[in-house]
Amino acid sequence: MTLVSQAAPSARAGTSPAFLRKIVVDPWLFGIFALVTLSVLVFAALPIFVVMKQAVVTDRGFDLGVLVDTLSQSFVWTSFANTLMLGATSAIIATAAGFLLAFTATRTTMPGKTFVHGVALLPIISPPFVMALAVVILFGRSGLITRELLGIRNANVYGFHSLVLIQSLAFTPIAYLNIRGMLQSIDTALEDASASLGASRWTTFSRVTLPLVTPAILSSTLLVFVKSVEDFGNPMLIGGNYNTLAVEAYSQMVGYFNLQAGALLASLMLVPSMTAFLIHRYWVSKRSYVTVTGKPSAQTIRISGGVVVPLALGCYAIVFAILLFYLTVVYVSFTKLPGVNNTLTLDHYATVFTAGFQTLTNSLLLAGIATPVTAVAGMLIAYLLIRKAFPGSFLLRWATLLSFAAPGTILGIGYVSTFNAAPLLLTGTAFIVVAAMVVKNLQVGIEAGSNQLRQIDKSIEEASTILGASNTRTFFQVTLPLLKPALFTSLSYALTRSLTTLSAVIFLVSANWTLITVTILSQVETLKLGVAAAYCSILVFVVLAILAVMQLVLNSASKR
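Each chain has its residues counted from 1, following the order in which its sequence is written. Thresholds applied to this predicted model are a pLDDT of at least 70 for local features of residues and 80 or more for the giving and counting of side-chain atom pairs; totals over whole chains, interfaces and linings are not thresholded and use all residues. In computing side-chain values, all of the structure's heavy atoms are included and hydrogens and water are not.

**Student:** Explain the overall build of the chain here, please?
**Tutor:** Counting from the N terminus, the helices are DSSP H or I runs at least four residues long and the strands are E runs at least two residues long. Along the backbone of the chain there are 27 helices and 4 strands. Type-normalised accessible area, obtained with a 1.4 Å probe on protein chains alone, sets the label of each residue: buried when under 20%, exposed when over 50%, and partly exposed for intermediate values. Going through the 560 residues of the chain one by one, you find that 53% of them count as buried. Contacts spanning at least 24 positions in sequence make up 81% of the contacts within the chain whose residues lie at least 6 apart. Contacts were defined at the residue level, with two residues in contact if any of their heavy atoms lie within 4.5 Å.

In structure tokens form, the structure reads like this:
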């Protein structure tokens, strides 16, 4: 009876166009697709379109002369070239470091994997500019290392090289989590078969493992490149004369009150980001990466012995650099006046737990709402785009891509401009902050879910459908459990970025909904580094505790 009822709609729609047959076969799933697409268009594409309109339309309407005059300025192309150079360099280094960490953690017997994993996640659970502060404290003119330890005077820590160091370390966890999730999902029987046939470790790595993990490597490079392009805090604090598009756009808007030039510079950030996405999708669409076939398999550690030593040393070096920066922040949080009066004190923490406690609870509440919404929506959209391709899928694909590629500053300004009047009067509410968190982090879940889905054989889902399950039930009871590594990646990223986001929400906070990152920035601007460091230390501790609980839940679910 079930098979008959499943086949009936297809028979009725046999003479209909292909796009209508997809809707008739599963109208409920198409309804979900339509609702998701409409939401993404309203909360992701529309605000960006409003800002882009402000970039080319002045009070006198569309003015080509003003647009040409702005584009002819040298600072535009200098900042554009600086942004590309910084993004490409940081993406290559961060992806290489992330791959080293992920491969060593999943394929070797390296001691201390749990410790390395925990430390490797530290950079994404705090505002990025905190690492810039640590670099200044350690390597600046009065730095603890440059001046106090090495005796170097007039050390110049500002510029391209420091930015590359900070961004590479700050964004390495993105690549690490993305590549680690795919390595864990690859059936190691393929590598075992290669070894059984006499292939060396290098041959197995270069011809089996590396090609299978290529989507995650490309995806990670893309994500890091886009995050580098839109980064505002680090170039602002430590860039010096090396201006990027984000900093130049902010300077034009705030320093020179040139809204048209600022909006145009911010819009130019979309060019390298969108180009990176197009290259990535062209590359991935030409290849097949299916390894999950539904047959029983188990993950095994295959590499041991002397080859593990250099890999482990590389991981330990990355971990040491991260620990050095963050322990510096913790030290400053207990120091009365860093660099002047190094007496230990708890005053900064007392300030946080009295006057500043409300901002911490606000951040936890709103990020707690945004995180599951972001993760589940990311998996659902990945499923709809990879498996179903309903009519109009390109709108959903490009709207989500655009929201991720767009700098947080554009999204924040766009939200204020778009949702400041009826019928979408949301300014000042918690909803608009949650919406910004979800939209800004949604693409990471989509990328992780898409990479995972390309490895899952469609015959598993087809078997569920043949046995009578609807597509909706197949997604939640068959596909979603197979996406657990990608789901955990999405949950981890969404939680940490929601708690540490700044550029998108700084325009949206209100007296009732002030967030911890905005408070930290205000403390830094007033040179209260001790209080800012105390906020950061508490934030890192809270996020680490939540991630540890999530990891325990994932491990428990995997053993069932």
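The rest of the description comes next.
**Student:** Can you walk me through the side chain of T83 in this structure?
**Tutor:** Mapped onto the secondary structure, T83 falls in helix α5 (residues 74-107). Overall, T83 belongs to the buried group, its relative accessible area being 2%. Filtering out sequence-adjacent residues up to four positions away, T83 remains in contact with V229, T244 and L245.

**Student:** Could you clarify how one ought to interpret helix α22 (residues 430-453) in this entry?
**Tutor:** Given the number of residues in a helix, its expected span is that number minus one, multiplied by 1.5 Å. Helix length check: α22 (24 residues) gives 33 Å between terminal C-alpha atoms against 34 Å at 1.5 Å per residue, within 8%. Helix geometry: α22 is bent most strongly at N441, by close to 40°. Burial of α22 is extensive: 23 of the 24 residues sit out of reach of the surface. To get the bend at any residue, fit one axis to the seven residues that end at it and another to the seven that begin at it, then take the angle between the two axes.

**Student:** How should helix α21 (residues 408-418) be read in this particular structure?
**Tutor:** Helical geometry: 3.6 residues make up each α-helical turn, so side chains three or four residues apart lie on a common side. Of all 11 residues in α21, 8 are buried, a share of seventy percent or more. Among all positions in α21, only G408, I410, L411, G412, I413, G414, Y415 and T418 are buried.

**Student:** Can you help me understand the nonpolar core in this one?
**Tutor:** Buried together is how nonpolar side chains tend to be arranged in soluble globular proteins. Nonpolar cores were defined as sets of buried Ala, Val, Leu, Ile, Met, Phe, Trp, Tyr and Cys residues, with membership established by side-chain atoms within 4.5 Å. Within the largest apolar cluster, 164 residues are counted, with the highest numbers of intra-cluster contacts made by V40, Y176, I179, F325, I381, Y415 and V433. Contacts of F325, omitting those with residues within four sequence positions, involve M131, A134, V135, L138, F139, L165 and L169.

**Student:** Sorry if this is basic, but what is going on with the packing of helix α19 (residues 357-388) against helix α25 (residues 484-500) here?
**Tutor:** The angle between the axes and the distance between the axes are what describe a pair of packed helices. Each axis is a line fitted through C-alpha atoms, and for a helix only the stretch in contact is used; angles between axes span 0 to 180 degrees, taken between their N-to-C directions. At their nearest, the axes of α19 and α25 sit 8 Å apart, and the two run at 150° to each other. Crossing of α19 over α25 shows right-handed handedness. Contact with α19, carried on its side by S363, L364, A367, A370, T371, P372, T374, A375 and M379, involves A486, L487, S490, L491, A494, L495, S498 and L499 of α25 and no other residues of that element. For this scheme, ten residues count as nonpolar: Ala, Val, Leu, Ile, Met, Phe, Trp, Tyr, Cys and Pro. Four count as charged, namely Asp, Glu, Lys and Arg, and the remainder, Gly too, count as polar. In the contact of α19 with α25, the residues fall into 12 nonpolar, 5 polar and no charged. By the definition used in this description, the sense in which the near helix is turned from the far one sets the handedness, with an anticlockwise turn below a right angle giving left-handed and a clockwise turn giving right-handed.

**Student:** Help me understand the confidence of the model for the chain, please; the structure alone is not making it clear to me.
**Tutor:** Low pLDDT means the predicted atomic positions in that stretch should not be read closely. On average, residues of the chain score 79 in pLDDT, and 90% of them are at 70 or above. pLDDT expresses how confident the predictor is about each individual residue, on a scale running from 0 to 100. Between the elements of the chain, mean pLDDT differs from a low of 42, seen in helix α1 (residues 2-12), to a high of 91, seen in α5.

**Student:** Help me understand the pattern of salt bridges, please; the structure alone is not making it clear to me.
**Tutor:** Any two side chains of opposite charge can pair if their charged atoms end up close together. Salt bridges are defined as contacts in which a side-chain nitrogen from Lys or Arg sits within 4 Å of a carboxyl oxygen from Asp or Glu. Counted by the stated rule, this structure contains 1 salt bridge. The closest approach of N and O atoms between K336 and D347, which form a salt bridge, is 3.6 Å. Of the two residues, K336 sits in strand β3 (residues 335-337) while D347 sits in helix α18 (residues 347-352), which places them 11 residues apart along the sequence. Residue classification places K336 among the partly exposed residues on the basis of a relative accessible area of 37%.

**Student:** Can you walk me through the environment of L41 in this structure?
**Tutor:** Summarising the element assignment, L41 is placed in helix α3 (residues 27-56). In this structure L41 comes out as partly exposed when scored by relative accessible area, which is 29%. For L41, the residues in contact, after removing those within four places along its chain, are L46, L395 and A399.

**Student:** Would you mind going over the side chain of S363 with me for this structure?
**Tutor:** Relative to the helices and strands, S363 resides in helix α19. Residues in contact with S363, not counting those within four places in the same chain, are L499, L515 and I516.

**Student:** How should I be thinking about the packing of α3 against helix α20 (residues 393-405) in this particular structure?
**Tutor:** Look at α3 against α20: their axes get within 9 Å of each other, and the N-to-C directions meet at 40°. Taken together, the axes of α3 and α20 lie oblique to each other. By crossing handedness, the relation of α3 to α20 is classed as left-handed. Where α3 approaches α20, its residues F33, V36, T37, V40, L41, A44, A45 and I48 are matched on the opposing element by S393, L395, L396, A399, T400, L402 and S403. Angles are sorted into four bins: roughly parallel if under 35 degrees, roughly antiparallel if over 145, roughly perpendicular if 65 to 115, and oblique for all others.

**Student:** Just checking my understanding: could you explain the packing of aromatic side chains for this structure?
**Tutor:** To describe a pair of aromatic rings, you give the distance between the ring centres and the angle between the ring planes. Aromatic contacts are taken between Phe, Tyr and Trp rings whose centres are within 6.5 Å, Trp giving its six-membered ring; a plane angle under 30 degrees counts as stacked, one over 60 as edge-to-face, and the others as tilted. For the structure on display, the rule yields 13 aromatic pairs. Ring geometry for F99 and F103: centres 5.8 Å apart, planes at 15°, overall stacked. Of this pair, F99 and F103 both sit in helix α5, separated by 4 residues, roughly a single helical turn. You'll find F99 and F103 in the same group, each marked buried. These aromatic residues form a ring-pair network of at least three members: F43, Y415, F419 and F431.

**Student:** Could you clarify how one ought to interpret the environment of A435 in this entry?
**Tutor:** By the secondary structure assignment, A435 is in helix α22. Between the C-alpha atom of A435 and that of T374, which follows or precedes it by 61 residues, the distance is 9.5 Å.

**Student:** Honestly, the environment of A105 in this entry has me stumped. Any pointers?
**Tutor:** Its location among the elements puts A105 in helix α5. Distance from A105 to R180, taken between C-alpha atoms, is 8.1 Å for residues 75 residues apart in sequence. Residues in contact with A105, not counting those within four places in the same chain, are K113 and Y176.

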